[in-house]
Amino acid sequence: MVAYDSPSYGLTSIGGADMEGLAAAHKSLLVLAPDVEPKAGALTGPKLPIDSDFKKNTVAMAAPIFAALDAMATPGLVVCKSGRRARVVIAAWACVRQGGDADAACAYLRSTNDLDAEKEHWVRGVIAAHTVGATNPLVFRQLFECESNTYTYLLADGATRDAVLIDPVDLTAERDLKVIDGIVTADGKQGFKLRAGLNTHCHADHITGTAELKKRLPTVRSMISESAGAKADVLLKPGDKVHFGKRWVEVVATPGHTDGCISFVLDDRSMVFTGDALLIGACGRTDFQQGSAAKLFESVRSRLFTLPPDCVVYPAHDYNGRPCSTVLGERMTNPRLRDGITEAEFVKIMAELNLPYPKKLDASLPANILCGFPDETAWMPAKAD
Ligand SMILES: [Fe+2]
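Residues numbered from 1 in each chain as written. Predicted model: local features only at pLDDT ≥ 70, side-chain atom pairs only at ≥ 80, totals over all residues. Heavy atoms only, no water.

Within an unreviewed UniProt entry, the label attached to the protein reads persulfide dioxygenase, and the organism entered is Diacronema lutheri. In its Sequence similarities (unreviewed entry) section, the UniProt record describing the protein reads: "Belongs to the metallo-beta-lactamase superfamily. Glyoxalase II family." Listed under Cofactor (unreviewed entry) in UniProt, the entry text for the protein is "Fe(2+)". (UniProt positions renumbered as here; feature names shortened; annotations may be inferred.)

Bringing the overall build of the protein into the picture now. For the protein, the count of helices and strands is twelve helices and 16 strands. Against the 2.2 N^0.38 benchmark of 21 Å for 385 residues, the protein shows a C-alpha radius of gyration of 23 Å, consistent with a compact globule. A principal-axis box enclosing the C-alpha atoms of the protein has dimensions of 75 × 50 × 35 Å. Considering the protein as a whole, with its 385 residues, one finds that 54% of them fall into the buried category. Considering only contacts within the protein whose residues lie at least 6 apart along the sequence, 66% involve residues at least 24 apart. Surface accessibility of the protein: about 15700 Å² in total, with carbon and sulfur atoms responsible for 55%. (Helix = DSSP H or I, 4+ residues; strand = E, 2+ residues; numbered from the N terminus. Rg over C-alpha atoms; globule rule 2.2 N^0.38 Å. Buried < 20%, exposed > 50% of the residue type's maximum accessible area, 1.4 Å probe, protein only. Contact = heavy atoms within 4.5 Å. Areas by Shrake-Rupley, 256 points an atom, 1.4 Å probe, with all protein chains shown as cover.)

Moving on to the domain arrangement of the protein. Each domain of the protein was delimited in the assignment, giving domain 1 (7–130) and domain 2 (137–378). The gap between the C-alpha centroids of domain 1 and domain 2 is 35 Å. Across the contact, 13 residues belong to domain 1 and 15 residues belong to domain 2. Both faces considered, domain 1 and domain 2 share a buried interface measuring about 1100 Å² in area, 58% of it formed by carbon and sulfur atoms. Here domain 1 is connected to domain 2 by zero salt bridges. The interface formed by domain 1 and domain 2 holds one residue pair in polar contact (both at pLDDT 80 or more) in total. For the side of domain 1 that touches domain 2, the element with the most residues is helix H5 (residues 117–130), which contributes seven residues. Looking at side-chain class alone, the side of domain 1 that touches domain 2 contains four nonpolar, four polar and five charged residues. (Domains from an automatic or database assignment. Buried area = accessible area lost by both parts, 1.4 Å probe. Salt bridge = Lys/Arg side-chain N within 4 Å of Asp/Glu carboxyl O. Polar contact = N/O pair within 3.5 Å; in protein donor to acceptor, adjacent residues only side chain to side chain. Nonpolar A, V, L, I, M, F, W, Y, C, P; charged D, E, K, R; others polar.)

Within the secondary structure, tyrosine 153 is located in strand S6 (residues 150–157). Taking the C-alpha atoms as reference points, tyrosine 153 and valine 79, separated by 74 residues in sequence, lie 42 Å from one another. In this structure, tyrosine 153 is in contact with Phe140, Arg141, Gln142, Val164, Leu165, Ile166, Phe273, Tyr314, Pro315 and Pro323, ignoring residues within four places of it in sequence. Reaching out from tyrosine 153, the side chain makes a polar contact with the backbone oxygen of proline 315 at a distance of 2.6 Å.

A word on the coordination of the iron ion. Every protein donor of the iron ion is listed here as His201 (NE2), His257 (NE2) and Asp276 (OD), and their distances to the metal cover 2.0 to 2.4 Å. Within one chain, the residues donating to the iron ion are spaced in sequence as H-x55-H-x18-D. Of this pair, histidine 257 sits in the loop between strand S12 (247–253) and strand S13 (262–266) while aspartate 276 sits in the loop between strand S14 (271–275) and helix H9 (293–304), placing them 19 residues apart in sequence. We note that histidine 257, like aspartate 276, is buried. (Donors = N, O, S within 2.8 Å, 3.2 Å for Na, K, Ca; no water.)

Another point: the packing of aromatic side chains. Throughout the structure, instances matching the rule amount to twelve aromatic pairs. For the ring pair tyrosine 151 and tyrosine 153, a centre distance of 6.1 Å and an interplane angle of 40 degrees mean the geometry is tilted. The two residues tyrosine 151 and tyrosine 153 agree in class, both being buried. Chaining the aromatic ring pairs together yields one cluster made of Phe140, Phe144, Tyr151, Tyr153, Phe273 and Tyr314. Cation over ring: arginine 161 sits above phenylalanine 192, and NZ or CZ is 4.3 Å from the ring centre. (Phe/Tyr/Trp six-rings, centres within 6.5 Å; stacked < 30°, edge-to-face > 60°. Lys NZ or Arg CZ within 6 Å of the ring centre and 35° of its normal.)

Quick look at the side chain of aspartate 268 now. Tracing the backbone shows aspartate 268 in the loop between S13 and S14. Polar side-chain contacts of aspartate 268 include one of 3.5 Å to the side chain of arginine 247. Those residues in contact with aspartate 268 that sit more than four places away from it in its chain are Val59, Gly125, Ala128, Ala129 and Arg247.

Spatially, S1-S4-S2-S3 is the arrangement adopted by the four strands of the open sheet, whose pairing is parallel. Unpaired on one side and paired on the other, strand S1 (11–15) and strand S3 (47–49) mark the two borders of the sheet. Neighbour to neighbour, the strand axes of the sheet diverge by 25 degrees on average, direction disregarded. The pairing of strand S2 (residues 28–33) with strand S4 (residues 76–80) spans four bridges and is parallel. Each residue of the ladder has a partner; that of leucine 29, found in S4, is leucine 77. Relative to the sheet, helix H3 (residues 84–97) contacts S1, S2 and S4, its axis offset from that of S1 by approximately 155 degrees. (Pairing = 2+ DSSP bridges. Axes fitted to C-alpha atoms, helices over the stretch in contact; angles between N-to-C directions.)

With that out of the way, let us pick up the nonpolar core. Grouped together as the largest cluster of nonpolar side chains are 38 residues, with contacts concentrated most on Tyr4, Leu30, Leu32, Leu69, Val78 and Trp122. Looking at this core, the elements that each hand over two or more residues are S2, helix H2 (62–71), S4, H3, helix H4 (102–111) and H5. With residues near it in sequence (within four places) discarded, leucine 32 still touches Leu48, Ile50, Ile65, Val78, Val79, Cys80, Arg85, Ala86 and Val89. Listed in part, the 22 residues of the second largest apolar core include Tyr153, Val234, Val251 and Phe273. (Core = buried A, V, L, I, M, F, W, Y, C linked by side-chain atoms within 4.5 Å.)

What follows is the structure in structure tokens.
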């Protein structure tokens, strides 16, 4: 295992209480604020904010810390209250300077007992933002289908020109392809190569566009969770990365609306595509398609609300014209799932919704378990590219 520890880089990560004896042997100091006031003797250095509760830390907070680490004379001290934040930021910084193997950095931090879900999202987001995020700009479009109020998302690598669509709809597949072909970026290049159509789950209110896309572009691969009970070119598992060029989205299991619901988290943690698991100020219903309010509560709280506070939430639908919200916004204001609401309260809210039977359920589900094809005889596997 690569040791992303302090001594390899001439830096020592310590808790504030331990630093008196060490200070004399070091040349520079970085203080991670706000909850430590070290007595550093002759050592002075920048004092930069990062909270010990990583739910409060944005990916952008890493940039000034990384600049300070680059500028430090060695041997140097990085100090916070317990030493834990110092170990996390040094590992993320060292990983970026070594080429950005986030799996290795996370394995190292797991071995030192410094990783939880919030820190892992932050570390992975920071490493991606400072590597592929700096070299391969994201091209992003939010598209809308007005009959089912469905959002479709186009994500593309502006450098390699590879693209994916999340939650395409059959009625707007043609439009989506025109959008992909028509985008001109600042470097004068036009259009992208669509690689895949990703489904967050087996929708009950519209037919997925993945079959229509494959009919027009036979190398496009349809994807859905292996837990959805559907047929697709690629069955996704939690932790899988779906690449488009050098960029990617990661698969996060968010069951509860259906058993096979997944969310897609962008590499740098700036966006999450939540399907029907988390909607703006709401969530998907849990009263059919193997729905479970208890499972949905766990999914949202442990897998989505652990993302950075400014991570933008892009749902599969909004019925009020709102394009997106943020993780912190949902944690503060979602009337069903905001911080402080208990699982029992959420289960009660969901049980009392009394929603009507979905209009297109009977037509949508048989097609969506074949990623949009009407029956098995029509199924087309993706052609090799
Ligand atoms: Fe749904």
